[in-house]
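# Report on the structure
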Amino acid sequence: MAMNTFTNTIKNDLARTELFSPLTMSSATTFLWNSKMVAQINCRGYMTSQFMQPEPSKYSYAPNLEAKTFIQPEQPYYADHPGRFFYIKNEETGEMFSAPYEPMRVELDSFCFSAGTSDVKWIINKWGIEFTITLSLTKDLVVELWSVEVVNGNSKALSVSIYPCFSIGYMSWMSQSADFNAELSGIVATSVTPYQKVEDYFKNQELKDLTYMVADQVPDSWCCNLLTFRGEGGMHNPSMLQETRLENKPACYETPVGVQQFKQHLLPNEKQNLNIIFGPAKNVEEIKTLKAKLLAKPEQFKDVRQDYSDYINKGKGTLSITSPDADFDHYVNHWLPRQVFYHGDVNRLSTDPQTRNFLQDAMGMIYIAPAVTRERLLLALSQQKRSGAMPDGILLTDEAELKYINQVPHTDHCVWLSICLQAYLDETGDSSILSEQVAFEATPDAEPETASVKVHLDRAMQWLLSATDARGLSYIEQGDWCDPMNMVGYKGKGVSAWLSLASSYAISCWNQVCETYYLSSELTNAELSESKKTIAEFASAADTLNLQVNKHCWNGDWFARGITDDGNVFGTKTDVEGRIFLNPQSWAMLSNAASDSQYKLMNNQIFSQLATPYGVTMLAPSFTQMREDIGRVTQKSAGVSENGSVYNHAAMFYGFALYTKGQNDLAFDVLKRMLPSQQNADAQGQLPVFVPNYYRGAYYQHPHHAGRSSHLFNTGTVAWYFRSVVEGLCGLKGCGNDLLIQPQLPSHWPTLKVQREFRGASIELNVIKSDKIKDTVVTINGEVSAQHKICDVQAGQTYKVEVLLPLEKLSLPQLTIVMGVSGCGKNAVGEQVAALNNRVFVDADSFHDESAKQKMASGTPLTDDDRLPWLARIQKFLAMLLDNRQSCVLAYSGLKAAHREMFTQLGFELNVVHLNVAQEVIAARLEQRESHFFDPKLLSSQFDALEVPSSSEAVITIDADKPLEDIVREINQELSND
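Before going into details, it helps to say that this report is about the structure given with it. (Residues numbered from 1 in each chain as written. Predicted model: local features only at pLDDT ≥ 70, side-chain atom pairs only at ≥ 80, totals over all residues. Heavy atoms only, no water.)

## So, the environment of Cys 223
The residue Cys 223 is located in strand E17 (residues 221–225) in this model. Relative accessible area serves as the criterion here: at 0%, Cys 223 is assigned to the buried category. The spatial distance from the C-alpha of Cys 223 to the C-alpha of Leu 807 is 69 Å, given a sequence separation of 584 residues. Those residues within four positions of Cys 223 in sequence are excluded, and the remaining contacts are Ile 187, Phe 229, Met 240, Leu 246, Lys 249, Val 257, Gly 258 and Val 259. (Helix = DSSP H or I, 4+ residues; strand = E, 2+ residues; numbered from the N terminus. Buried < 20%, exposed > 50% of the residue type's maximum accessible area, 1.4 Å probe, protein only. Contact = heavy atoms within 4.5 Å.)

Here it is in structure tokens:
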């Protein structure tokens, strides 16, 4: 079988991403959804599905009870994991295989897993027969639509049996069974949802406790009993398939399964089809209705699939780009709006979405269906307390209750109101929403109160300011945006530096809304005066928040994360774990709490400590043991989720902040690394059909696991990603009645073309870089615009915009390698050289994996086989810095000339400094060194391995047996003379 990777393509005007081996990315998935269900589909045939009734429920389980789980991070797949498998038997030879690939794992002649926007296909060839398996959904029913198309490409007839095998699993410990229903010509599994309380009996009356599997053909045989079907062969080679027919065996309080046999005799070049519906139902009558609606005529299947495709295509967005990066275009034009649409359209299939998620997901809908954003904003505000506080979750139905994490008090929810509202107003100009009357949450002890959206937002901002301690920093209670940081403030004293900065930014956003969309409305003189006074007070309060964070949480090179109940500032240089967090740095940029000089310091530390080839991690180093003053985030596995992964939601805040600072290259790199890529396919294991919520971090602690995708598609990342592309990269941001034209192309892009719908107008943007100009030139419909904006945008109009950007003259980033044997002082020297020259410092020793460290600690020298993967990790990291145009200083032993030669090929302007120190001097230093994995006994092996740089290498040699400041001064002089 060919070991190909994936490709992006367009077929029938719809996007597809295709994988050509079940082995190269065995965990690759995609997902389908509608308003009532969602399913995640693995390339090898495993599948996890869920539907709403109204709370999340299952109809296909594993053989163990798992009713309360859904899609797990880094979902583990195992032999009995729920799936949709098709066993295929050659009736003439008795040979068998399974499609798509599991559970038999027989080598196929060819394999294609084709993820489309509204369906999933597998195209498989074996024995000269092509099998095309297709899964789709309907627009509004809880049912899976499966079809199998079989084409005999042989010159002779062939007989095969197709055995669809769909997991039903352990449905209930109270009652479960399955049998073949002759009237339906299909399998029906029945259960009773377990309960204990009497009142739950009545609640459960409307639950769909049946699972059905019905085809458009009568099966030749069937089996509903999982244990009997598997027999001694297991799922890899079920005993029952060794017989000519299945045993027609029901399940009676036994684990059920849905297996049916369909015999097909295929003439040369003949094509045959099989259609199957699978899903939950309340009773048999409902199944009969579904069968009549979906399977009575062949065209019904096709029609409902088309309806579903039309539904999904409603979310294709208002933006299309053509850039030098075709893979980036493919994601932005097709998969990004699809993922945004999923979040905003169905609220992640939840009845009580977290308030922050609900609002940010609604923000993404401004580019797809802004009316939905408006509706969601008003719904959220209708559940706001009179104090201005927001609930932890938004209830979407009268029966819904706050559950799980929404029963834990968090303090950040008000922040997202003004941010989302500003994005909505900039996109739509709908200032009427500010005067919309919305009731506050009703309480039994008070008269109903209704107020304008403007008043609601004022109270939300005032609540943020009131929820602060004596220092003026925001209380965190049991979590802010970071849910599992639940013990920083559970005693009522802990504060969040991030939330203080986010509050400052949110207040500034609200002020901008008021200045742009409220003051321009028809106000009396008294109202205008009062509004301006409120704006000034809010501006002063935002500045005060910034000042207090600087006073109490600036760490010299970056901002701390917060202060615990017991007064411990954490996320600082003194912390061994959780030394630096990304969010405070990003939001210090957004809130303008960070000065230009602070930004440069923060940026160096972000690249030194947080950046990886897979993106920027949320914190570093990852926690490896519980800290009771921080909380359960420290108990999560190192590098997983909020504990130091490349948590894409946080990384996207950073990318958005970089665009606001005009850091085009750094911002685009954040966007690009977030996408699953060909070059990182082995590590990530994911197709670029969605951005996951995280990639594994702990890049230095667990390098062999770094980059692995969570495969979770629920993430607040995508709304910010879309906004960053539109407002940052393309530079098309609404403001009042106008559209600003401020594209921010990465330096390596010479052009960009954009088609954009904005307030009913069509924008055709063409960006070109030119060495003939010094300043940006914007022309709109042939006329130069000195203001770089389309004024008073008119619906129905087409605006042809050309932007000429001056071509940047960029110098190469510099790489300075400070080399020498262990103990020569290269780390101390390198850190000083990096700090004095505002460069990123990189310690090569941090890239050793645990086995290499243990080897050196035990006194065993490293071999070249040990060093090569270490060097590969270093070079991959340096390549990431080069992509971001970051000059750096690398402390690296550089013992072998051949290894040093590798660094000349990276693309930096390279300088190598050799610290030359006598062996006896270093031996004395090593005896005094503490907490380092290097065994001093290995020093002689280092000198033995050292290949002293020759004159042809142009290495700067420094006598390092002198004070540190003298060494650094001499190096800087040599570098400046170079």
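## A closer look at the nonpolar core
Counting 269 residues, the largest nonpolar core has Phe 328 and Leu 878 as its most contacted members. By residue number, the principal contributor to this core is helix H10 (residues 497–518), which donates 14 residues. Phe 328 has contacts with Ile 321, Phe 668, Leu 671, Lys 672, Leu 675, Tyr 721, Val 725, Leu 729 and Trp 749, leaving out every residue within four places of it along the chain. (Core = buried A, V, L, I, M, F, W, Y, C linked by side-chain atoms within 4.5 Å.)

## Quick notes on the pairing of strand E38 (residues 777–780)
Inspection of the sheet shows E38 paired to strand E41 (residues 798–806) by 4 bridges, in the antiparallel sense. Its bridge partner being in E41, Val 777 is matched across the sheet by Leu 804. The sheet contact formed by E38 and strand E39 (residues 783–784) spans 2 bridges and is antiparallel. Opposite Thr 779, over in E39, you have Val 784 as the bridge partner. (Pairing = 2+ DSSP bridges.)

## Some details on the sheet that holds strand E11 (residues 129–137)
Ordered by their spatial adjacency, 11 strands build an open sheet running E1-E2-E9-E10-E11-E12-E20-E16-E15-E14-E18, and the pairing between neighbours is antiparallel. Looking at strand neighbours, the two that pair on one side only are strand E1 (6–11) and strand E18 (251–252), the edges of this open sheet. As defined by bridge partners, strand E9 (residues 110–116) adjoins strand E10 (residues 120–126) across 6 bridges and the pair is classed as antiparallel. Residue pairing across strands places Cys 112 opposite Ile 123, the latter belonging to E10. Contacting strand E12 (144–152), strand E14 (176–181), strand E15 (186–191), strand E16 (210–215) and strand E20 (271–281), helix H3 (residues 284–294) runs over the sheet at an angle of about 30° to E16. Lying on the sheet, helix H5 (residues 326–346) is in contact with E1, strand E2 (14–19) and E9; it crosses E2 at an angle near 110°. (Axes fitted to C-alpha atoms, helices over the stretch in contact; angles between N-to-C directions.)

## Some words on the pattern of salt bridges
Applying the stated criterion across every chain yields a total of 44 salt bridges. When the shortest N-O distance is used, the salt bridge between Arg 723 and Glu 727 registers 3.2 Å. One end of the pair is Arg 723 and the other is Glu 727, both in helix H17 (residues 717–729) and 4 residues apart, which spans about a single turn. Glu 727 sits in the buried class, given a relative accessible area of 13%. Close ionic contact of Asp 738 with Lys 789 constitutes a salt bridge, the shortest N to O distance being 3.2 Å. With Asp 738 in strand E35 (residues 738–741) and Lys 789 in strand E40 (residues 789–790), this pair connects stretches of sequence that are 51 residues apart. (Salt bridge = Lys/Arg side-chain N within 4 Å of Asp/Glu carboxyl O.)

## Re the packing of H5 against H17
Two packed helices can be described by the angle between their axes and the distance between those axes. Running from amino to carboxyl end, H5 crosses H17 at an angle of 135°, the nearest separation of the two axes being 9 Å. Comparing the axis directions of H5 and H17 gives the class oblique. Here the hand of the crossing between H5 and H17 comes out left-handed. The residues of H17 that touch H5, namely those facing Phe 328, Tyr 331, Val 332, Leu 336, Pro 337, Gln 339, Val 340 and His 343, are Val 718, Ala 719, Tyr 721, Phe 722, Val 725 and Leu 729. Broken down by class, the residue content of the contact of H5 with H17 amounts to 12 nonpolar, 2 polar and no charged. (Parallel < 35°, antiparallel > 145°, perpendicular 65-115°, else oblique. Left-handed = near helix turned anticlockwise from the far one by under 90°. Nonpolar A, V, L, I, M, F, W, Y, C, P; charged D, E, K, R; others polar.)

## Topic: the sheet that holds strand E6 (residues 56–57)
Pairing is antiparallel in the open sheet, where 4 strands are placed in the order E3-E4-E5-E6. Since the sheet does not close on itself, it has two edges, and those belong to strand E3 (29–33) and E6, each with one partner. Across 2 bridges, the pairing between strand E5 (residues 47–52) and E6 is antiparallel. Across the sheet, Met 52 pairs through a bridge with Pro 56, a residue of E6. Most of the contacts of H5 go to E3, to which it runs at about 40°, and overall it touches E3 and strand E4 (37–42).

## Comments concerning the environment of Ser 941
Counting through the fold element by element, Ser 941 comes out in helix H23 (residues 939–945). Sequence spacing of Ser 941 and Phe 166 is 775 residues, and the spatial spacing of their C-alpha atoms is 61 Å.

## Quick word on the side chain of Gln 354
With respect to the helices and strands, Gln 354 occurs in the loop between H5 and helix H6 (355–364). Overall, Gln 354 belongs to the buried group, its relative accessible area being 11%. Apart from residues no more than four positions distant in its own chain, Gln 354 is found in contact with Asp 392, Gly 393, Ile 405, Asn 406 and Asp 483.

## What to know about the packing of aromatic side chains
Across all of its chains, the model carries 52 aromatic pairs by this definition. Where Phe 31 meets Phe 690, the ring centres are 5.9 Å apart and the plane angle is 75°; that geometry is what we call edge-to-face. Of the two residues, Phe 31 is situated in strand E3 and Phe 690 in the loop between helix H16 (681–684) and strand E33 (694–695); the sequence distance between them amounts to 659 residues. A single burial state applies to Phe 31 and to Phe 690, both of which are buried. Measuring from centroid to centroid gives 5.5 Å for Trp 146 and Phe 166, while their planes differ by 55°, and the two rings are tilted. Here Phe 166 lies in strand E13 (residues 158–167) and Trp 146 lies in strand E12, a separation of 20 residues in the sequence. Sitting over the ring of Phe 31, Arg 338 keeps its end group 4.8 Å from the ring centre. Its end group placed over the ring of Tyr 518, Lys 454 keeps NZ or CZ at 4.9 Å from the ring centre. (Phe/Tyr/Trp six-rings, centres within 6.5 Å; stacked < 30°, edge-to-face > 60°. Lys NZ or Arg CZ within 6 Å of the ring centre and 35° of its normal.)

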